[in-house]
Amino acid sequence: MASLSLKNIGKTYPGGVTAVSDFNLEIKDKEFIILVGPSGCGKSTTLRMIAGLEEITEGELYIGDRLVNDIAPKDRDIAMVFQNYALYPHMTVFGNMAFGLKLRKMPKEEIKRRVEEAGRILDISHLLDRKPKALSGGQRQRVALGRAIVRDPAVFLLDEPLSNLDAKLRAQMRTELSKLHQKLGTTFIYVTHDQTEAMTMADRIVVMKDGLIQQVDTPQHLYDLPCNSFVAGFIGSPQMNFIDSVLHKTADGGFYVEFGSEDTKRTKGVKFQIKLPASKNNKDCLEAYVDKEIVMGIRPEHIHDEEMFMTTMTDGIVKAKVEVTELMGAETYLYLNCEGHSLTARVDPSSTARAGDEIEITLDTSKIHLFDKETEKTITN
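Only a predicted model underlies this, so the values are computations on that prediction, with no experimental measurement involved.

**Q** With reference to specific residues and values, describe the pattern of salt bridges.
**A** A full pass over the atoms with the stated rule returns 14 salt bridges. Close ionic contact of D75 with K74 constitutes a salt bridge, the shortest N to O distance being 3.4 Å. Overall, K74 belongs to the exposed group, its relative accessible area being 58%. Between R114 and E110 there is a salt bridge, with its nearest N and O atoms 3.0 Å apart. Here the residue R114 and the residue E110 both occupy positions in helix 3 (residues 108-122), the gap between them amounting to four residues, near one helical turn. What emerges from the salt-bridge pattern is a single network uniting E110, R113, R114 and E117.

Structure (structure tokens):
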């Protein structure tokens, strides 16, 4: 088993295109780390540098205590599972899983033992004589995992392994992968653009954008304490609502956020004032932003239309027009227009709001996030 250390890792392609910059990360032994971000953010390139499939332009990569920058992929004690499975169609499942061990001239009995053990772990023992074309997508994914498991590597690298599966199977395989990680007790480094996969499986998540690490933290901390508006918007589904606002100070030294539409000759604008609770009144952070434009963030699950919230959260009440409703079974999504600002609310399925209704909603002020409009960094969580 192994820890990994990535120190100032960078990748620049010919022509000066930079894919990854100044990537620093310490990965503990047996940790499940997930790299997440939009397409083109550098996450797969980082994984391929760890695997040795991409040359590292700058920085140092250690697996355990060994510097591996110039070590061949086959000698790094890692195993990689690809998005497209990369199975040999003419070989049986057994042959696919045994192929890498045969190349290493491993004794036949040891190969048989390892393949059968991996088959038991992955519940594919009954498929060992089949060819890949006779398997479902989920079964092929298990074979690809089995081929990695038999090598008994120090580190597993997984590059969007579930993206070719349907939604139901993806959810099932997420659970299977978490169980597999616990069984094997090996370091997992996993790449995905799906924040749901990241939130449900990772010990820690690395959020990337434009080749740079934005934040590294546990799933819950990323959700509760994002360091900037990009992380706040990327983590959570539906994504956080962002409202251009102005921060003001009250006569008694408190703070409130104001947003809405301007009063013009054609329309009478409405301004809403959201008083920040004591827990958000960090004067050291907020004083510099008084009477300046900021961005307020509120997650859809922290916007309510139920009566019980309206009577207890009076500091966050605003009016909005319902544009679309989506009943999801266990919850309802309301797509709202609040004086020109689009908001999504995630409310109880018993909500009576319908498209075209003018309703009152309330924001849970204890869950408000404020961001600097220029730098996009968090002012307060």
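**Q** Which residues make up the nonpolar core, and what values go with them?
**A** Among the nonpolar cores identified, the biggest contains 46 residues, and M97, L145, L158, L177, Y190 and V207 are the most heavily contacted of them. Counting residues per element, this core draws most heavily on helix 4 (residues 137-149), which supplies five residues. Membership of the second largest hydrophobic core comes to 31 residues, among which are I298, A320, L363 and I368.

**Q** Give a detailed account of the sheet that holds strand 18 (residues 341-347), specifying residues and quantitative values.
**A** A sheet is described by the order of its strands in space; here five strands give the open sequence 15-19-16-17-18, paired in antiparallel fashion. Pairing within the sheet leaves two strands with one partner each, and these edge strands are strand 15 (303-304) and strand 18.

**Q** Can you lay out the environment of P226 for me, pointing to particular residues and giving the numbers?
**A** Relative to the assigned elements, P226 resides in the loop between helix 7 (219-224) and helix 8 (229-234). Between the alpha carbons of P226 and Q214 there is a distance of 9.5 Å; along the sequence they are 12 residues apart. Excluding anything up to four places from it in sequence, P226 contacts Q215, H221, V231, A232, H369, T378 and N381.

**Q** Which residues make up the packing of aromatic side chains, and what are the values?
**A** Given two aromatic rings, one states the distance between the centres and the angle between the planes to describe the pair. Tallying each qualifying case throughout the model produces seven aromatic pairs. Considering the side-chain rings of F156 and F188, the 5.0 Å spacing of their centres and the 40° angle between planes classify their relative orientation as tilted. Taken as a pair, F156 in strand 7 (residues 155-159) and F188 in strand 8 (residues 187-192) lie far apart in primary sequence, 32 residues in all. Accessibility assignment for this pair places F156 and F188 in one class, buried. The rings of F32, F156, F188 and Y190 are connected pair by pair, giving a single aromatic cluster. Over the ring of Y223 we find R299; its NZ or CZ atom is 4.2 Å from the centre of that ring.

Rules behind the numbers
Residues numbered from 1 in each chain as written. Predicted model: local features only at pLDDT ≥ 70, side-chain atom pairs only at ≥ 80, totals over all residues. Heavy atoms only, no water. Salt bridge = Lys/Arg side-chain N within 4 Å of Asp/Glu carboxyl O. Buried < 20%, exposed > 50% of the residue type's maximum accessible area, 1.4 Å probe, protein only. Helix = DSSP H or I, 4+ residues; strand = E, 2+ residues; numbered from the N terminus. Core = buried A, V, L, I, M, F, W, Y, C linked by side-chain atoms within 4.5 Å. Pairing = 2+ DSSP bridges. Contact = heavy atoms within 4.5 Å. Phe/Tyr/Trp six-rings, centres within 6.5 Å; stacked < 30°, edge-to-face > 60°. Lys NZ or Arg CZ within 6 Å of the ring centre and 35° of its normal.

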